[in-house]
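Here is what each chain is made of, one letter per residue.
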Amino acid sequence: MTAVESPQEEKRRIFADLTPLRTSADYRRLWFGNTVSWIGQGMTALAVSLQVYDITGSAFSVGLVGLCSLVPLVVFGLYGGAIADTVDRRALGLAGATGSAVLSAALAAAAFAGFHRVWFLYAIVALQAVCAALNSPARSAMIPRLIPPEQLRAANALNSMVMTFGTLVGPSLGGVIVGLAGYQTAYTIDALAFSASLYAMWRLPAMPPEHAGARRASVLDGLRFLGTRPNLRATFVSDLFAMILAQPKALFPAVAALWFGGDAKTTGLLVAAPAFGALMGGVVSGWQGRIRHHGQAILVAVAAWGLAIAAFGLSRNLWIGLLCLAAAGYADTSSMIFRNTMMQVAAPDEMRGRLQGVFIVVVAGGPRLGDFVAGSVAGLTSPAVAITGGGLACVLAIAVFALYARGFRRYDAHDPKP
């Protein structure tokens, strides 16, 4: 029998709640598989970019790698979510993990054979994005079937740590491994990592749809459902404010040189700072268990993101700027934890996959649109105006939205209403 924490112990908690890992062997397997695969994906993403540059010597060609990944992710994200609601989610997860492992093995085999063709790398990246679009909604929608509702917030905090850790560690490992042992070794390790994820998925129980009617589900059903559920819809709207209005990443190279007199290393620090803050957002997340009004928490977190970005736009000291970006990353993870928890608790099981599909599309496409907005405003004015103005615009937008979304403000985790 699992021990239950006393209220005093829960109040004292600061760091991430590990209860889902302790109490659910199935969730533990899924979490471990996700950890290994995220690191492997980060390694391969960097290795492919390096290989494309070695072949072409063109920064534009390297940029196309991201486009080859983004388009299939956005196009197939919604369909992946619909499929996750109509089939056995474990089977879909197995199919996605198998496809990713095979594609990584194909990259390794091509590298060993000396087959260096840019079109081949682009094709593999696009197919990997399709597998991710099918696999990710299924894995996210599995979680509420593996643990009780009161543990979902803690599970989402642990998942956020996995994603951020993989984003930070994977590319670093990829660069080291490519430098020491070549592309073929990096791709081989990624294939093995996906094999570990595949094994973890295979150990999970079957998860067929709970309702027979789910087999008639479609993407449009999910969008119609979201259109009639104001609280769930508000989670996406509030996130779009942050991603579109206050997304400074595209300006980091210019800012590193103009404000801080730095170079590529400085740019790397600017990119890493929000990721580090996001990781801390998962590590130091125990206090969030005491919050019932998740809608309010999301609104505050998005406003905090905007304020941190605005403060970064005013900073001219590198360390203060990095601290502001880290604070923004922490706020972003806090918002994501509560948003995911709301989607998993307030939505019925037959809609969870499609909502995760919408989430993928928003998360994949929103920052790219934000990059365009920031670059355009900076081109017409200056990076300072684009960053500080964007942060303040985010705060203003979320404040106006908070006045309108009264039900979202009142959302209670103890009585969830979508």
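First, a word on scope: everything that follows refers to the structure included in this document.

Cut-offs applied
Residues numbered from 1 in each chain as written. Predicted model: local features only at pLDDT ≥ 70, side-chain atom pairs only at ≥ 80, totals over all residues. Heavy atoms only, no water. Core = buried A, V, L, I, M, F, W, Y, C linked by side-chain atoms within 4.5 Å. Buried < 20%, exposed > 50% of the residue type's maximum accessible area, 1.4 Å probe, protein only. Helix = DSSP H or I, 4+ residues; strand = E, 2+ residues; numbered from the N terminus. Contact = heavy atoms within 4.5 Å. Axes fitted to C-alpha atoms, helices over the stretch in contact; angles between N-to-C directions. Parallel < 35°, antiparallel > 145°, perpendicular 65-115°, else oblique. Left-handed = near helix turned anticlockwise from the far one by under 90°. Nonpolar A, V, L, I, M, F, W, Y, C, P; charged D, E, K, R; others polar. Phe/Tyr/Trp six-rings, centres within 6.5 Å; stacked < 30°, edge-to-face > 60°. Lys NZ or Arg CZ within 6 Å of the ring centre and 35° of its normal.

**Thoughts on the nonpolar core**
Part 1: Core analysis: the biggest nonpolar cluster contains 55 residues, and L232, V255, L270, W305, F312, F401 and F408 have the highest contact counts within it.
Part 2: Of all the secondary structure elements, the ones that give two or more residues to this core are α9 (219-227), α10 (230-245), α11 (252-258), α12 (264-283), α13 (294-314), α14 (318-346), α15 (349-380) and α16 (383-404).
Part 3: In terms of residue count, α14 provides more of this core than any other element does, eleven residues in total.
Part 4: With residues near it in sequence (within four places) discarded, F408 still touches N231, A234, T235, G295, Q296, I298, L299, M342 and F401.
Part 5: A47, V52, V118 and Y183 belong to the second largest nonpolar core, which has 23 residues in total.

**Observations concerning the packing of helix α7 (residues 152-181) against α12**
Part 1: Interhelical geometry of α7 versus α12 gives an angle of 155° and a closest axis separation of 8 Å. With respect to each other, α7 and α12 are oriented roughly antiparallel. Crossing handedness for the pair α7 and α12: left-handed. Residue-level contacts link A157, S160, M161, T164, F165 and L168 of α7 to A272, A275, F276, A278, L279, G282 and V283 of α12.
Part 2: Here the contact of α7 with α12 is composed, by residue class, of ten nonpolar, three polar and no charged.

**Things to note about the packing of aromatic side chains**
Part 1: Taken as a whole and judged by the stated rule, the model has nine aromatic pairs.
Part 2: Considering the side-chain rings of F241 and F401, the 5.7 Å spacing of their centres and the 75° angle between planes classify their relative orientation as edge-to-face. With F241 in helix α10 and F401 in helix α16, this residue pair connects regions lying 160 residues apart in the sequence. In terms of burial, F241 and F401 fall into one category: buried.
Part 3: Among the aromatic side chains, those forming a connected cluster through ring pairs are F252, W259, F260 and F312.
Part 4: The aromatic ring of W259 is capped on one face by R316, whose charged end is 3.9 Å from the ring centroid.

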